[in-house]
Amino acid sequence: MKKLLSFIAFAVLPLTVSAQEQFSVFFDTNKHELTKTQQERLGEWIAANKTSKILAINGYTDEDGSIGMNDTLAQRRVTQVFGIVKGKVSTREDFKTRSFGKLHQMSPVKAENRKVTLYYLQEKDLAMENEILGITETPKPVTKVKKAAEYPSEITVRNPDGKDETLRLDVAFMKKVGDAKKGDVIIINNLNFYENTFGVVKESRNRMHELLEIMRANPNLKIKLQGHVCCMKADRQDLSTKRAKAIMQFLNTNGVAKDRLSFEGFGVSRPIHPIPEKTKEQAAENRRVEILIVENP
């Protein structure tokens, strides 16, 4: 004797079934259109459940006909019912892939198995939707908003002779570095050194302090100082490295952690203008220190 065939429309997923309700309409043999009586029953259900939500619409058939025919018939029945309830009762978009088929108990009466069952939640149970469907919500990632750093427009420093001096700082430059992305390279303009040395000229001290204020205001910022020289075919004294290192040591000495800083000298390998330079201005642009942003979360 053939076993009674049950077809669940589309994919079957394991679900928790407590608290959900169900309502069924029935079909004649080999038919996917509802009779007038069943249409009226469905209409009455719709009128009584305008604030409910349909979780799944499952279609079932009996054993009459081939498996392929029954599959198609069950799908048509689901489509027929959905076409009637669509726009009248809220329905999950994935209702076709949700199944409560385990609740379906086969009846020895064939007419009772030719049906479509709507599984739904009443308004009072809507808060339990995900729990009933066994859906675990993934917490949304928290987007960290970087607090805007504040920079002073001037600071007072004490000179080696014991006298205090006020230095004006370039706030726009400090913001540019503080807002830079990983991989960005920024030139430190007007950071000059005494000729053939790695000593910073007095007029460039404000640039050093601007770097210090940037590092203080952005505690997660990591940079690499990159040195370059001009005017010669080779950096025999390795001044590019020594100058970059001198800047790093100034920042270290003033409290910036060593793991936030690194340095590298490129000699004359990366000139902005061809060497020998044609003007003093070109030479000054080649003789530079740049900042590579290593990390700036």
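Residues numbered from 1 in each chain as written. Predicted model: local features only at pLDDT ≥ 70, side-chain atom pairs only at ≥ 80, totals over all residues. Heavy atoms only, no water.

A.B. asks: Report on the sheet that holds strand 7 (residues 185-187), specifying residues and quantitative values.
C.D. replies: The sheet built from 4 strands is open, its strands ordered 7-10-8-9 with mixed pairing. Of all the strands in the sheet, just strand 7 and strand 9 (261-265) have a single pairing partner and so form its edges. Adjacent strand axes in the sheet meet at a mean angle of 25°, parallel and antiparallel pairs treated alike. Relative to strand 7, helix 4 (residues 171-178) is tilted by about 165°, and along the sheet it contacts strand 7 and strand 10 (289-295). (Pairing = 2+ DSSP bridges. Helix = DSSP H or I, 4+ residues; strand = E, 2+ residues; numbered from the N terminus. Axes fitted to C-alpha atoms, helices over the stretch in contact; angles between N-to-C directions. Contact = heavy atoms within 4.5 Å.)

A.B. asks: Before we move on, could you go through the side chain of N296 and cite the residues and values that matter?
C.D. replies: When you line up the elements, N296 lands in the segment after strand 10. Take N296: its relative accessible area is 15%, and that puts it in the buried class. Looking at N296, its side chain comes within polar contact range of the main-chain oxygen of A180, at 2.7 Å. For N296, the residues in contact, after removing those within four places along its chain, are K146, V177, G178, D179, A180 and L221. (Buried < 20%, exposed > 50% of the residue type's maximum accessible area, 1.4 Å probe, protein only. Polar contact = N/O pair within 3.5 Å; in protein donor to acceptor, adjacent residues only side chain to side chain.)

A.B. asks: Lay out the sheet that holds strand 2 (residues 53-60) with the relevant residues and their values.
C.D. replies: Read from one edge to the other, the open sheet built from 4 strands follows the order 1-4-2-3, with strand pairing classed as mixed. Strand pairing shows two members of the sheet lacking a second neighbour, strand 1 (21-26) and strand 3 (90-91), which therefore form its edges. Alignment of strand 2 against strand 4 (residues 115-121), held across 7 bridges, turns out to be antiparallel. Its bridge partner being in strand 4, G59 is matched across the sheet by V116. Strands in contact with helix 1 (residues 36-48) are strand 1, strand 2 and strand 4; relative to strand 1, the strand with the most contacts, it is inclined by about 160°.

A.B. asks: Describe helix 6 (residues 239-253), naming the residues involved and giving the relevant values.
C.D. replies: When the terminal C-alpha atoms of helix 6 are compared, their 21 Å separation across 15 residues agrees well with the 21 Å that a helix rising 1.5 Å per residue should span. In terms of burial, helix 6 is a largely internal element, 11 of the 15 residues being buried. Three or more residues of helix 6 are buried, namely L239, S240, T241, R243, A244, A246, I247, M248, F250, L251 and N252. Looking at the buried positions of helix 6, the neighbouring elements they touch are helix 5 (205-217), strand 8 (222-227) and strand 9. Once helix 6 ends, the next one or two residues include G255, with phi positive near 100°. (Expected span 1.5 Å × (residues − 1).)

A.B. asks: Provide a residue-level description of the state of the cysteines, including the pertinent values.
C.D. replies: For the structure on display, the rule yields 1 disulfide. At a sulfur-sulfur separation of 2.5 Å, the disulfide partner of C230 is C231. For the disulfide bridge between C230 and C231, the dihedral angle about the S-S bond is near -70°, and by the sign convention the bridge is left-handed. (Disulfide = S-S within 2.5 Å.)

A.B. asks: Would you mind going over helix 5 in detail, with residue names and values included?
C.D. replies: Helix length check: helix 5, at 13 residues, gives a terminal C-alpha distance of 19 Å against a target of 18 Å (1.5 Å per residue), a fit within 8%. Taken as a whole, helix 5 has its buried residues at N206, R207, M208, H209, E210, L211, L212, E213, I214 and M215.

A.B. asks: So, the packing of helix 5 against helix 6: which residues are in play, and what are the values?
C.D. replies: Interhelical geometry of helix 5 versus helix 6 gives an angle of 55° and a closest axis separation of 10 Å. One finds that helix 5 runs oblique with respect to helix 6. At the point where helix 5 passes helix 6, the crossing takes the right-handed sense. Across from M208, H209, L211, L212 and M215 in helix 5, the residues of helix 6 making contact are I247, F250 and L251. Residue classes in the contact of helix 5 with helix 6 are distributed as 7 nonpolar, 1 polar and no charged. (Parallel < 35°, antiparallel > 145°, perpendicular 65-115°, else oblique. Left-handed = near helix turned anticlockwise from the far one by under 90°. Nonpolar A, V, L, I, M, F, W, Y, C, P; charged D, E, K, R; others polar.)

A.B. asks: Run through the pattern of salt bridges, naming residues and quoting values.
C.D. replies: Inspection of every chain in the model, using the stated rule, returns 11 salt bridges. In this structure, D125 and K124 form a salt bridge, with 3.0 Å as the shortest nitrogen-oxygen distance. A relative accessible area of 63% places K124 in the exposed class. The partner of E290 in a salt bridge is R288, and the shortest N-O contact between them spans 2.8 Å. We note that E290, like R288, is buried. Connected through salt bridges with shared partners, the residues K53, R92, D94 and E129 form a single ionic network. (Salt bridge = Lys/Arg side-chain N within 4 Å of Asp/Glu carboxyl O.)

A.B. asks: I'd like to hear about the nonpolar core, residue by residue, with values.
C.D. replies: Among the nonpolar cores identified, the biggest contains 31 residues, and L211, I214, I223, L225, L251 and I291 are the most heavily contacted of them. Among the elements of the structure, strand 5 (154-158), helix 4, helix 5, strand 8, helix 6 and strand 10 are those that each provide at least two residues to this core. If you look at the next biggest cluster of nonpolar residues, it comprises 17 residues, including F23, L42, I57 and V89. (Core = buried A, V, L, I, M, F, W, Y, C linked by side-chain atoms within 4.5 Å.)

A.B. asks: Please set out the packing of aromatic side chains residue by residue, giving values where relevant.
C.D. replies: This structure, assessed with the given rule, holds 3 aromatic pairs. With a centroid separation of 5.7 Å and an interplanar angle of 15°, the aromatic rings of F23 and W45 are classed as stacked. Highlighted residues: F23 in strand 1 and W45 in helix 1, separated in sequence by 22 residues. Residue F23 is classed as buried on the basis of its relative accessible area, which comes to 14%. Aromatic pair W45 and Y120: ring centres 5.0 Å apart, planes at 80°, arrangement edge-to-face. Here W45, found in helix 1, pairs with Y120, found in strand 4; they are 75 residues apart in sequence, far enough to count as distant. Accessibility expressed as a relative area gives 7% for Y120, which makes it buried. Here the aromatic cluster, defined as three or more aromatic residues joined through ring pairs, consists of F23, W45 and Y120. (Phe/Tyr/Trp six-rings, centres within 6.5 Å; stacked < 30°, edge-to-face > 60°.)

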